There are 2 protein chains.
Amino acid sequence: MNIISYPERSEWPELLTRPVQDSSAIEAKVLPILDLVKTKGDEGLRELAKKFDGIDLNEFAFSQEEFDTAEDQLDETLKAAIRQAYQNIHTFHKAQLQSVEKIETMPGVTCWRRSVGIEKVGIYIPGGTAPLFSTVLMLGIPAQLAGCKEVVLCTPSNHPAILFAAKLVGVTSAFRIGGAQAIAAMAYGTESVPKVYKIFGPGNQYVTTAKMLISKEGIAIDMPAGPSEVAVYADDTAVASFVAADLLSQAEHGADSQVLLVSTSEKFLAEVNDELTLQLEQLPRRDLAFQSITNSKAILVNSAYEAIDILNDYAAEHLILSVEDAELVAEKIFNAGSIFLGNYTPESCGDYASGTNHTLPTNGYARAFSGVSVDSFVKKITVQHITEIGIRNIGPTVEAMAEAESLDAHKRAVSIRLKSLL
Amino acid sequence: MNIISYPERSEWPELLTRPVQDSSAIEAKVLPILDLVKTKGDEGLRELAKKFDGIDLNEFAFSQEEFDTAEDQLDETLKAAIRQAYQNIHTFHKAQLQSVEKIETMPGVTCWRRSVGIEKVGIYIPGGTAPLFSTVLMLGIPAQLAGCKEVVLCTPSNHPAILFAAKLVGVTSAFRIGGAQAIAAMAYGTESVPKVYKIFGPGNQYVTTAKMLISKEGIAIDMPAGPSEVAVYADDTAVASFVAADLLSQAEHGADSQVLLVSTSEKFLAEVNDELTLQLEQLPRRDLAFQSITNSKAILVNSAYEAIDILNDYAAEHLILSVEDAELVAEKIFNAGSIFLGNYTPESCGDYASGTNHTLPTNGYARAFSGVSVDSFVKKITVQHITEIGIRNIGPTVEAMAEAESLDAHKRAVSIRLKSLL
């Protein structure tokens, strides 16, 4: 790591800048893909499978048999782990369901909110080396709790753990489609793939660009995407080997992973650097992790106040607080996706099984966005009922305001009711 | 209204289609505006004010004096009405604040969510004939309740009611800037205007296009926009004159306002048409409303079941249920922005003062989006704490899953802690 000692506040913005990706070249490649799927449906999907993957894709949907046999292909330890993760994630997200509370704002004027699951949602799970069955749980469980009627899964992976997790969360249909064309299929619908109203899930730059483009057309998406990142704030109560392991667990995601370490202790930063060298050696993905760690920064600051300010400026996706009184420090953090407290709370627990969601805002988006939760899968519809007494109470207020906004028909909709009650 | 009797289900999609606006021509005009403000800041804003409005804009900010004297320029009735609306909206939105609930998902594994106000938010209020001070309340009150530290207002209007409402909700700075350049100023920041993380508020096509474009850059926005709309479902318990007044209150927003009436009663539809003719005569904005009503549809359906299906397919911004057992019918609606029950609950009460928010999803976006609420102004940061006992409980699960996803460093971050506890 590059150790930066006591930088001036004026230097922070540059230190904390994320790499900017120019998406225009990728947009130019993704737009024709979206268009082809929009206009030609399944046939477009087949053409793209032939072109990009060199395969004849006759059957898009995973069969019931594939679902049924997936479980048999997994060893018992992994199945038990997935079931335990399911249980914890379910427990945490279930508490996010909100009951209806009717509020009488004036006598006779009652308003409330109903949480209703988005009828049709889509989940994308990328292929590649890591079969992200954990993401199936993270997106499928809140969809299930929200009561979404259709949950569509698209993935180019046929890993049995993905199908097993999909069955646990009650995915209603699943398709072997990957890349930007999968996003297009769910956004526009094809003969085989149902059109959905909101699309979730990670992916490469083609996938995330496709999501941004369809979101411009009014299809909802979970959130804008960027490379994964962790910030760790550590003091002398932290354990250098634990912190190094946490930094590496982020770094192995890819060379573009963002890793930031902040500390008031020069000695601790040096210890972590030594530990990184030791632990890197043992990693199968050490090349990826090495690149990411080499680009990463360790910032030595003067005080806890400075540390908190710098962390709020950075707005990390994952923030590990390996410091004394970590919970008190966490109260002062207002920009972060998810916070991990103390020495025995590694990010990887939240990535898989503690219960919190691992779909989180990257790239500083934590300033305005939350991670995925049950909220992401429901709409809150407001409902109101006004009685005859209520309209007498509220009517004059509405008349005065509508008149001042020059919206006469708005006023009349009240006046005609008030007159009928005279 | 055009009365369409007993259409087949296959005809519904076409009947319910909203007008599609091609935004590419507007995008081409808005992009250089965004770019000018991004690169030249205040100077860019001055150039644009000169070019589009023919004015020399020296002082962007509204002065404290302008705020202080706004109140004196309003009559007591209007001030009392605004204060009453403030009170009701505050009461309803305050109930949306969520307290922290800690969930122990396994012994020693505790997770929770903290709601934290987005630090800096922007509100845009358009100029034009109607000074939308009600929208200042609708956006400013949840921002205030959420605890947003900076609330920036941009508006080309200098109507005293807007400044009065801005003071009530605790806007922290306000600028006399309108159009796409106001969105750019808040998105990028200028010497005068603070950069914000999320932008709210209505506007013309230039403003809404600017919002879509900056949202592609990762600045959050409230929701995609479209023309305002109401759907009314009425049976023989409804009052034709009330329903006609409600349809007109929507129609006066503009010629592109969307108005839909659904009923099982042919007689009732005819009565509403007669009432529309009568009431239109009395409206100051009758030309606008006439165009909108002329384009609007009244659909005669066979049954309540059909009515509910068609309303769910349409996904109206505002849905008035003037039917028997309206609350029971509302339970069957899963796509709508806001629902109004019974004969004495006109939409205009929700537009101004009943307590619910009037910033709602249009254009069918209610299928996936909620209206604005306190939720729109907070991020929910997840926090977790795992004890030594907790990591022993959850560790093996995380190790098994990380291994199966080939993320070795994720596994090691747990293993190194487990080993330290042996």
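Residues numbered from 1 in each chain as written. Chains lettered and ligands numbered in written order. Predicted model: local features only at pLDDT ≥ 70, side-chain atom pairs only at ≥ 80, totals over all residues. Heavy atoms only, no water.

As named in an unreviewed UniProt entry, chain A is Histidinol dehydrogenase, taken from Dyadobacter koreensis. What UniProt states about chain A under its Sequence similarities (unreviewed entry) heading is, verbatim, "Belongs to the histidinol dehydrogenase family." (UniProt positions renumbered as here; feature names shortened; annotations may be inferred.)

(A) View of the UniProt feature "binding site: Zn(2+)" (unreviewed entry) in chain A. All names here are of chain A. UniProt's entry tags Gln-250, His-253, Asp-351 and His-410 with the feature "binding site: Zn(2+)" (unreviewed entry), counted in the numbering of this structure. Maximum C-alpha separation among the annotated residues is 55.6 Å over a sequence range of 161 residues, too wide for a single clustered spot. Taking relative accessible area as the criterion, Gln-250 reaches 0% and is therefore assigned buried. Here the side chain of Gln-250 touches Ser-228 through a polar contact of 2.6 Å, side chain to side chain. (Buried < 20%, exposed > 50% of the residue type's maximum accessible area, 1.4 Å probe, protein only. Polar contact = N/O pair within 3.5 Å; in protein donor to acceptor, adjacent residues only side chain to side chain.)

(B) The arrangement of the domain arrangement of chain A in detail. Assigned domains of chain A: these are domain 1 (2-19 + 227-355), domain 2 (23-100 + 115-223) and domain 3 (387-420). Each of domain 2 of chain A and domain 3 of chain A was reduced to a C-alpha centroid, and the two centroids are 48 Å apart. (Domains from an automatic or database assignment.)

(C) The arrangement of the UniProt feature "binding site: substrate" (unreviewed entry) in chain A in detail. Per the UniProt record, the feature "binding site: substrate" (unreviewed entry) sits at A:Ser228, A:Gln250, A:His253, A:His318, A:Asp351, A:Glu405 and A:His410. Their sequence span is 183 residues, while the largest C-alpha to C-alpha distance among them is 55.6 Å; these annotated residues do not converge on one region. Following the sequence through the fold, A:His318 ends up in strand 12 (residues 316-322). The contact partners of A:His318, leaving out residues within four places of it in the chain, are A:Ser228, A:Glu229, A:Val230, A:Ala231, A:Gln250, A:Ser338, A:Phe340, A:Glu347, A:Asp351 and A:Leu360. Summarising the element assignment, A:His410 is placed in helix 16 (residues 408-420). The contact partners of A:His410, leaving out residues within four places of it in the chain, are A:Ala402, B:Ser249, B:Glu252, B:His253, B:Ser348, B:Asp351 and B:Tyr352. Only 3.2 Å separates the side chain of A:His410 from the side chain of B:His253, close enough to count as a polar contact. (Helix = DSSP H or I, 4+ residues; strand = E, 2+ residues; numbered from the N terminus. Contact = heavy atoms within 4.5 Å.)

(D) Examining helix 15 (residues 388-404) of chain A more closely. Residues and elements named next belong to chain A. Counted at 1.5 Å a residue, the expected span for helix 15 with its 17 residues is 24 Å, and the 24 Å between its end C-alpha atoms agrees. The largest bend in helix 15 amounts to roughly 40 degrees and is located at Ile-394, with the proline Pro-396 lying one to four residues further along. When helix 15 is considered as a whole, its buried residues turn out to be Gly-390, Ile-391, Ile-394, Gly-395, Thr-397, Val-398, Glu-399, Ala-400, Met-401 and Ala-402. Looking one or two residues past helix 15, Ser-406 carries a phi angle of roughly 60 degrees, positive in sign. (Expected span 1.5 Å × (residues − 1). Bend = angle between axes of the 7 residues up to and from the residue.)

(E) Structural context of the sheet that holds strand 9 (residues 229-234) of chain A. Strand order across the open sheet formed by nine strands is 1(A)-11(A)-10(A)-9(A)-12(A)-13(A)-14(B)-3(B)-2(B), with mixed pairing between neighbours. Unpaired on one side and paired on the other, strand 1 (2-5) of chain A together with strand 2 (103-106) of chain B mark the two borders of the sheet. Sheet twist, expressed as the average angle between the axes of neighbouring strands with direction ignored, equals 20 degrees. Note that strand 12 of chain A and strand 13 (residues 336-341) of chain A share five bridges and pair parallel. Residue pairing across strands places A:Leu321 opposite A:Leu341, the latter belonging to strand 13 of chain A. Relative to strand 14 (residues 378-386) of chain B, helix 15 (residues 388-404) of chain B is tilted by about 95 degrees, and along the sheet it contacts strand 2, strand 3 (109-117) and strand 14 of chain B. (Pairing = 2+ DSSP bridges. Axes fitted to C-alpha atoms, helices over the stretch in contact; angles between N-to-C directions.)

(F) Looking closely at the sheet that holds strand 11 (residues 297-300) of chain B. The sheet built from nine strands is open, its strands ordered 2(A)-3(A)-14(A)-13(B)-12(B)-9(B)-10(B)-11(B)-1(B) with mixed pairing. Pairing within the sheet leaves two strands with one partner each, and these edge strands are strand 2 (103-106) of chain A together with strand 1 (2-5) of chain B. Along the sheet, successive strands turn relative to each other by an average axial angle of 20 degrees, direction set aside. Together, strand 9 (229-234), strand 10 (258-263) and strand 12 (316-322) of chain B form the strand contacts of helix 9 (residues 240-251) of chain B, whose direction differs from that of strand 10 of chain B by roughly 160 degrees.

(G) Fine view of unusual backbone geometry. All names here are of chain A. Even without a glycine there, the phi angle at Tyr-6 is positive, about 45 degrees. Looking at where Tyr-6 falls in the secondary structure, it is placed in the loop between strand 1 and helix 1 (12-16). With phi around 50 degrees, Asp-325 is a residue other than glycine that occupies positive phi space. Looking at where Asp-325 falls in the secondary structure, it is placed in the loop between strand 12 and helix 13 (326-331). Residue class for Asp-325 comes out exposed when judged on its relative accessible area of 52%.

(H) Broad picture of the packing of helix 10 (residues 266-281) of chain A against helix 11 (residues 286-295) of chain A. All names here are of chain A. Running from amino to carboxyl end, helix 10 crosses helix 11 at an angle of 160 degrees, the nearest separation of the two axes being 10 Å. With respect to each other, helix 10 and helix 11 are oriented roughly antiparallel. For the pair helix 10 and helix 11, the crossing hand works out as left-handed. Here Leu-276, Leu-280 and Glu-281 of helix 10 lie close against helix 11, whose contacting residues are Arg-286, Ala-289, Phe-290 and Ile-293. (Parallel < 35°, antiparallel > 145°, perpendicular 65-115°, else oblique. Left-handed = near helix turned anticlockwise from the far one by under 90°.)

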